[in-house]
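Results of the structural survey
Residue strings, one per chain:
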Amino acid sequence: MADFIGAVDQGTTSTRFMVFDHDGAEVARHQLEHEQVLPRAGWVEHNPLEIWDRTQTVIGSALTRAGLSGSDLAAIGITNQRETSIVWDRRTGRPFHNAIVWQDTRTDSIAKALDADERGQTIRHKAGLPPATYFSAGKVQWILENVDGAREAAERGDALFGTLDTWLVWNLTGGPRGGIHATDVTNASRTMLMDLTTLDWDDELLGFFDIPRRMLPDIHASSDDTAYGTTSGERGTAKVPITGVLGDQQAATVGQVCFEPGEAKNTYGTGNFLLLNTGTELVRSENGLLTTVAYQFGSAAPVYALEGSIAVTGSAVQWLRDQLGIISGASEIEGLAAQVDDTGGVYFVPAFSGLFAPYWRSDARGAIVGLSRFNTNAHLARATLEAICYQSRDVADAMTADSGVRIETLRVDGGVTANRLCMQLQADILGVPVSKPVVAETTALGAAYAAGLAAGFWSGTEELRSKWAEAERWEPQWSDDQRRDGYAGWRKAVERTLDWVDVD
Ligand SMILES: Nc1ncnc2c1ncn2[C@@H]1O[C@H](COP(=O)(O)OP(=O)(O)OP(=O)(O)O)[C@@H](O)[C@H]1O
Ligand SMILES: [Mg+2]
């Protein structure tokens, strides 16, 4: 058997291809950013053809750099930014419109209308999600209603819908020449169109958005040795079976080997995503969390998760860099924040696109509160790091309330975890230890694990579990009083951001 597994990680800001060996160690990677298309306030788009081009380039160049070819890969896994939606023409592969990204809020009125009557409750119950601009279905409805010819093509069966996993699988397996139109249970669980118990598209939900069933991909397990086909081998991508597909946050859950109920991980990237494995039991949230599929391996029962999704964490650091210009690179925030011992009473709530979990308030907008003449850039930098941690605390508390599980150690990964001060603050604000693994690229690793399980490259979850190793750990240092008072201030600051945007 070939010695390596490949993984495509198609993220919000970049696409990377990584190659892992049997120990789960990285042997190659290449990564390329793509353009963030921002046509107006609240709208965020990507060009699907640019992403497909980047994907082919990073696969080819990562292999070349490592002196490998496709025949060295036993299988490929694909993981992706979730919810971001594309509708394209199956005859040509041309998208009808740019991809509408998960952060895009143009479908606010669609989401609000659903919540104005009992359809909102139906969506919550069947899909495990609150109606929100975040999820795919409203984005697809928007394209069908606003792009000439899209609805007719969808009714005829010529228009296909897919999230990024589906777009890449279809293109990698031949595109207009026999491409496979498929998705996995984790990605499907983010559309508002799948029933979490049947793991199938639901006609009532499809009716809410007026989406023709024939434009939807087939839903398969996250780890499957045949359903996703074999790459067609164009442009140096080689003929390799695709045997793992799962959304980025679910992939990180797998990469962090959270295979037991009660195990959780928190990923700090553009946003933050805390997922708690709830086993084969579907836990419905009463505290503003999502119920989602964590993974399904082969013919085994699906494993569910509770998820707390936070829209703005690492991207608040980018905002300090790009919009305010108080740092010139993300890594500078640590030194700036370390110039002061505390935030000097400042709180920053980065509710740029409303607040996601556990609040789900699209009428919220960002606020910096508690300012006095004394405050400096350093206080704001520190308040930004604390905001990342307080938002995670909000979600962790909701998780305990929903599941009764108190997280004993928080497993972390993602770009922001390079910031040691931020991780120390997280331990302080949560009051539990924070632990980071040796392989920080857990998203790509999880996709590789899913693919490798299906291909027989790894024997099972026990073998994967044995590969996890801790690299760093942070213990809480704040007193209980400090933790309580700090959090009380945060809750007051969040209150100040609500009811800001007038509902039309
Ligand atoms: N030292 C640092 N301190 C704080 N934040 C940081 C630091 N380094 C990177 N970041 C933030 O981490 C984020 C990138 O994290 P990561 O690389 O995990 O995201 P990503 O997986 O590429 O994102 P996506 O999947 O959304 O494309 C950026 O928002 C950046 O601002
Ligand atoms: Mg990512």
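As the structure is a prediction and not an experimental result, all values here were calculated from the model.

**Observations regarding the packing of aromatic side chains**
For the structure on display, the rule yields 22 aromatic pairs. Here Trp 43 and Trp 142 contribute two aromatic rings whose centre-to-centre distance is 5.5 Å and whose plane-to-plane angle is 85°, an arrangement assigned as edge-to-face. Of this pair, Trp 43 sits in the loop between β3 (26–33) and β4 (45–46) while Trp 142 sits in helix α4 (residues 136–146), and the two are 99 residues apart along the sequence. Classification of Trp 142 as buried rests on a relative accessible area of 14%.

**Describing the site of ligand 1**
Taken together, 19 residues sit near ligand 1, with Thr 12, Thr 13, Arg 16, Thr 270 and Gly 415 positioned nearest. Note that an oxygen atom of ligand 1 is positioned 2.6 Å from one of the backbone N or O atoms of Thr 13. Expressed as a share of its isolated accessible area of 640 Å², the protein-covered part of ligand 1 is 81%. Elements with a minimum of two residues in the shell around ligand 1: β2 (14–20) and α10 (314–324).

**Some points on the packing of helix α12 (residues 377–403) against helix α16 (residues 480–497)**
With their axes 11 Å apart at the nearest point, α12 and α16 run at an angle of 95° to one another. As judged from the angle between their axes, α12 and α16 are roughly perpendicular. In this structure, α12 uses Ala 387, Tyr 390, Gln 391, Arg 393, Asp 394 and Asp 397 to contact α16, whose residues at the interface are Arg 483, Gly 486, Tyr 487, Trp 490 and Arg 491. Considered class by class, the residues forming the contact of α12 with α16 number 4 nonpolar, 2 polar and 5 charged.

**What about the side chain of Asp 165?**
One can find Asp 165 in helix α6 (residues 164–172). The charged side chain of Asp 165 is buried without a salt bridge, its nearest counter-charge being Arg 82 at 10.0 Å. At 2.5 Å, the side chain of Asp 165 forms a polar contact with the side chain of Thr 163. Not counting the four nearest positions on each side in its chain, Asp 165 is found in contact with Ile 78, Asn 80, Ala 182, Thr 183, Asp 184, Asn 187 and Val 245.

**Description of the UniProt feature "binding site: glycerol" (unreviewed entry) in the protein**
In the UniProt entry, the feature "binding site: glycerol" (unreviewed entry) is given for Arg 82, Glu 83, Tyr 134, Asp 248 and Gln 249. Note on placement: Arg 82 falls in the loop between β5 (73–80) and β6 (86–89). Only 3.3 Å separates the side chain of Arg 82 from the side chain of Tyr 134, close enough to count as a polar contact. With respect to the helices and strands, the residue Asp 248 is situated in helix α9 (residues 248–255). Beyond its immediate stretch of four places on either side in the chain, Asp 248 contacts Thr 79, Asn 80, Gln 81, Arg 82 and Thr 443.

**Considerations on the nonpolar core**
The biggest cluster of nonpolar side chains holds 136 residues, and the ones touching the most others in it are Tyr 134, Leu 193, Phe 209, Ile 211, Met 215 and Trp 490. Tallying contributions element by element places α12 first for this core, with 13 residues. Setting aside anything within four residues of it in sequence, one finds Ile 211 in contact with Ala 137, Val 140, Gln 141, Leu 144, Leu 193, Leu 206 and Leu 216. Counting 31 residues, the second largest nonpolar core, distinct from the first, contains Val 8, Leu 68, Leu 73 and Trp 88.

**Points about the pattern of salt bridges**
Scanning the entire structure with this criterion turns up 41 salt bridges. Between Asp 158 and Arg 91 there is a salt bridge; the shortest N-O distance is 3.3 Å. Of this pair, Asp 158 sits in the loop between α5 (150–156) and β8 (159–162) while Arg 91 sits in the loop between β6 and β7 (99–100), and the two are 67 residues apart along the sequence. Given the relative accessible area of 15%, Asp 158 is considered buried. The residue Arg 491 makes a salt bridge to Asp 394 at a minimum N-O spacing of 3.6 Å. Highlighted residues: Arg 491 in helix α16 and Asp 394 in helix α12, separated in sequence by 97 residues. Residue Arg 491 is classed as partly exposed on the basis of its relative accessible area, which comes to 39%. Relative accessible area serves as the criterion here: at 3%, Asp 394 is assigned to the buried category. Within the structure, one salt-bridge network assembled from shared partners comprises Asp 9, Arg 16, Glu 26, Arg 29 and Glu 441.

**A word on the layout of surface pockets**
Each pocket or cavity is described by its volume, and for the second largest pocket that value is around 760 Å³. Lining the second largest pocket are 34 residues, and of these Asp 115, Pro 130, Pro 131, Ala 132 and Trp 360 sit closest to its centre. Counting residues per element, the ones that place at least two in the lining of the second largest pocket are α2 (108–115) and α3 (119–127). For the lining of the second largest pocket, the leading source of residues is α2, giving 4 residues. Residue classes in the lining of the second largest pocket are distributed as 11 nonpolar, 12 polar and 11 charged.

**Here we look at empty space enclosed by the protein**
Over the atoms, a rolled probe matching the size of one water molecule traces out where space is still vacant. Scanning the entire structure with this criterion turns up 3 cavities of 30 Å³ or more. Residues of the lining of the largest cavity, tallied by class, amount to 8 nonpolar, 2 polar and no charged.

**Thoughts on helix α14 (residues 442–454)**
For α14, spanning 13 residues, the distance from its first C-alpha to its last is 18 Å, which sits close to the expected 18 Å at 1.5 Å a residue. Here α14 lies mainly inside the structure; 12 of its 13 residues are buried. Those residues of α14 that fall on the buried side of the exposure criterion are Thr 442, Thr 443, Ala 444, Leu 445, Gly 446, Ala 447, Ala 448, Tyr 449, Ala 450, Ala 451, Gly 452 and Leu 453. Of the residues flanking the end of α14, it is Gly 456, one or two places downstream, whose phi is positive at about 75°.

**Details of the pairing of β5**
Within β5, 8 of the 8 residues are buried, leaving the element largely enclosed by the surrounding structure. Bridging between strand β1 (residues 4–10) and β5 involves 7 bridges; their strand directions are parallel. Bridging across to β5, Val 8 finds its partner in Ile 78. As paired elements, β5 and strand β13 (residues 242–247) share 5 bridges and run parallel to each other. In the strand pairing of β13, Thr 79 is matched with Leu 246.

**Considerations on α12**
In this model, α12 (27 residues) spans 39 Å end to end at C-alpha, consistent with the 39 Å of a helix rising 1.5 Å per residue. Counting buried residues along α12, 22 of its 27 residues qualify, which places the element largely inside the surrounding structure. Once α12 finishes, Gly 404 follows within two positions and takes phi at roughly 75°, a positive value.

Conventions we followed
- Residues numbered from 1 in each chain as written.
- Chains lettered and ligands numbered in written order.
- Predicted model: local features only at pLDDT ≥ 70, side-chain atom pairs only at ≥ 80, totals over all residues.
- Heavy atoms only, no water.
- Phe/Tyr/Trp six-rings, centres within 6.5 Å; stacked < 30°, edge-to-face > 60°.
- Helix = DSSP H or I, 4+ residues; strand = E, 2+ residues; numbered from the N terminus.
- Buried < 20%, exposed > 50% of the residue type's maximum accessible area, 1.4 Å probe, protein only.
- Near = heavy atom within 4 Å.
- Polar contact = N/O pair within 3.5 Å; in protein donor to acceptor, adjacent residues only side chain to side chain.
- Areas by Shrake-Rupley, 256 points an atom, 1.4 Å probe, with all protein chains shown as cover.
- Axes fitted to C-alpha atoms, helices over the stretch in contact; angles between N-to-C directions.
- Parallel < 35°, antiparallel > 145°, perpendicular 65-115°, else oblique.
- Contact = heavy atoms within 4.5 Å.
- Nonpolar A, V, L, I, M, F, W, Y, C, P; charged D, E, K, R; others polar.
- Lys, Arg positive; Asp, Glu negative; His and termini not counted.
- Salt bridge = Lys/Arg side-chain N within 4 Å of Asp/Glu carboxyl O.
- UniProt positions renumbered as here; feature names shortened; annotations may be inferred.
- Core = buried A, V, L, I, M, F, W, Y, C linked by side-chain atoms within 4.5 Å.
- 1 Å grid on protein atoms, 1.4 Å probe; cavity = no way out; pocket = protein on both sides within 12 Å on 5 of 7 lines; lining within 4 Å.
- Points joined across faces, edges and corners; volume = space filled by probe spheres on them.
- Expected span 1.5 Å × (residues − 1).
- Pairing = 2+ DSSP bridges.

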